[in-house]
Every structure is written in C-alpha cells, then in structure tokens.
Amino acid sequence: MVSLCICPPYKEVLVTANKIFFRSLMIGVLGLLFLGLIVFILSTRIIKPIEATTKSLTQLSEGSLDSIKILKVDSKDEIGLMAKALNTLNNKFVSIADFTREIGQGNLQVNYPFDSDHDILGQALTRMQDNLVKLNIEREKQDWLKSGINGLNVQIRGDNNLQDLSRKVISYISKYIKVQVGVLYYTDNVNQKLIFGAGYAFSKRKELNSVIDFGEGLVGQCAVEKEMIILTEVPKGYFPVKSATGSADPSNVLVYPCIYNSNILGVIEIASFEEITDRQIEFLQNAAQSLAIGLNSAYAKDEMEKLLAKTLEQKEELQAQEEELREANLELEKQTEILRKSEASLQA
C-alpha cells in the first residue's frame, strides 16, 4: 500500500506563522493601548473626582473649611452631581462658620443665610441667636438696674435728715429713669399724713397742700393701699411741666409706696410724657426698697435730734430753775441776815 504525504514548503509556513504572530502582537498592543485609554478616562473622570471628593469630605469632617478647594467637575453624571452637592455643602458650612463667628464677636443682628424652609440646623442656630439676644437684653437691663441702685445707695448713704434725703433721692431717680417730674413725700404715721419732702421740676398744685392726708388724692390713696398706682389719662393741669417757653401736661403718672417692715414711710410720684416702661417700674420697685431703709434711718436721726433738742431744752430749763433757786436762796440768806441783825439790835 502506497501512502501519499503532502508537505507544504517550509518557507511558506514560516511566513504565515510570522504574519499571524505580528497580527496577534498588533492586536495585543492595540488592546493594551485601548485598555490604557480606558484606565486614563476612568482615572480622569471617575477616580480623581472620587479621590478629591473623599479628601474634601475628610477636611469637612475635620472642620478645615479654609483648606477645602472647590471641586471642578464638568460631567453631569452622578460624579458631577456628587461634586456639586459637596460644593454646596462646603459653601453652607462656610456661611454657618461666618454666622457663628459674627455671633461670637457680639454681632447679634447678623442674618442667617437660609437656603430653604427645611434648614433645621439654620432654625436651631437662629433660635440660639434669639435666645442670646434676649439674654443680652436681660443682662443689659440688670446692669442698668444694678448701676442705678448703686448710685441711689450713694445718695442715701450718709447722715441725712428727711429734707436732705428727699431732695437728693428724687433728683437722682428722676434723672436716672428720665422722667419729666418727680416728687417724694415722707409720712407722719402718728397723724396719718404725708409731708412734701422735695420735688424735681415740680410746680406745686393749687388743690394740694404740702401736707396730704392718707387717702387724699393718688398719693394719699397709695399710702393707704400700699400699692403702686398708674394713671395713663392724666387730667389737664394735674402735673404741669413748666419751662421758659411755656408749659405742658405729662400723659402718664405713677405713684409708688416706700414700705419698711410693713410700715408706709414714703411715697414716690413721677410723671412722664412717654409711657412708663416695665424697666422704669422695676427700677422704682428696687429703689423704693432702698429708699425705705434710708427713710427709716432718717426718721431715727430726726427722732434722735428731736430727743436731743428736747433734752437740751429740759437741761436749759433745769439750769434756769437752778439759777432761780440759787438767787432765791441768796435773797433768803440776805433776808435772814437782816433779821438776825435786827434781832441783835433789839436785844442790845
């Protein structure tokens, strides 16, 4: 049996094999280049933005707002939307930081940059701002009250009689709370009367004397009830404020009692063109307590002076009586001597 064998030429096989090899090599190189291009595109459009976003988020979580850079991503895919949202969040945190910095520096009138009605953090910060404003107003009021009472105590302190104390106190109070007229009465509890102590820019009213009975008018009624009285519709001519150019009538009057150990010791009456504020009333409440203590001391001083004057008067009367008795004794001795000499003469 005869077998036939076909053997291609060696050179042709080698050429064909080389062609296949180079073709495969070209395909591989092109594939690698294409893969590199894909990797480059992924790195540029996905990986780097993600790395930048991660870095910004890390800085944001650490509070390093000044070092965060704005992400520049032009794509409109999820990566671009994420970068845009992060930029917005960063800008929001910067605005919040600026807002809180202004608050910390004492600027409580700064406006919070609301972006929507759903800004819960902003609502919480503005509530904090409102509370700080209220606390600041209360602190300023307490400082004003404290300063005013300290100044009043300086006026009360010292060796004052009732007239001097009244003059200094009513002038200080009227100026400090900025009212147009002020009057201070002190009491004569024995006779149930109020005595005019002193006035500030006060013109005496014809219908009232310097001595007011308990229960007479607003001042007398205040002394009876021992409570504050406010009058907002003041009758014309009740409390005229006069100046070189004319006169005017205040529209608001407040009368406040000065009470010490449940005893009425005085009454403060003020008048103002403006509505009397809660702050002014609160000051008068505190001032009346300090003034009542001062009035009590002044009463004690006046009583001591009266007692001393009475003692001196009694001493002078006693000295006069002693002088009269001494002179009477001398006269008696003279008469006795005359009688003795007369008897001796008769006996001789």
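Here the structure is a predicted model, which is why all the values come from computation and not from measurement. (Residues numbered from 1 in each chain as written. Predicted model: local features only at pLDDT ≥ 70, side-chain atom pairs only at ≥ 80, totals over all residues. Heavy atoms only, no water.)

Visitor: For a nonpolar patch on the surface, give the residues involved together with the corresponding values.
Guide: Residues Phe22, Leu25, Val29, Leu30 and Leu33 make up a contiguous nonpolar surface patch of roughly 490 Å² in combined accessible area. The residue Leu25 is located in helix H1 (residues 10-62) in this model. (Patch = residues over 30% accessible without salt bridge, like charges linked within 9 Å, V, L, I, M, F, W, Y side chains within 5 Å. Areas by Shrake-Rupley, 256 points an atom, 1.4 Å probe, with all protein chains shown as cover. Salt bridge = Lys/Arg side-chain N within 4 Å of Asp/Glu carboxyl O. Helix = DSSP H or I, 4+ residues; strand = E, 2+ residues; numbered from the N terminus.)

Visitor: Could you give an account of the pattern of salt bridges, with specific residues and numbers?
Guide: This structure, assessed with the given rule, holds five salt bridges. Two residues, Lys193 and Asp213, come together in a salt bridge whose shortest N-O distance is 2.4 Å. Taken as a pair, Lys193 in strand E2 (residues 193-200) and Asp213 in strand E3 (residues 211-213) lie far apart in primary sequence, 20 residues in all. A relative accessible area of 34% places Asp213 in the partly exposed class. (Buried < 20%, exposed > 50% of the residue type's maximum accessible area, 1.4 Å probe, protein only.)

Visitor: Tell me about helix H4 (residues 162-177), residues and numbers included.
Guide: Taking 1.5 Å as the rise per residue, H4 with 16 residues should run 22 Å; its terminal C-alpha atoms sit 22 Å apart, in good agreement. Along H4, the residues that are buried comprise Leu162, Leu165, Ser166, Val169, Ile170, Tyr172, Ile173, Ser174, Tyr176 and Ile177. Sitting at the amino-terminal end of H4 is Asn161, which places a side-chain oxygen 3.2 Å from the backbone nitrogen of Gln163. Of the residues one or two after H4, Lys178 is the one with positive phi, at around 60 degrees. (Expected span 1.5 Å × (residues − 1). Polar contact = N/O pair within 3.5 Å; in protein donor to acceptor, adjacent residues only side chain to side chain.)

By themselves, these are just geometric observations and shouldn't be taken as functional.
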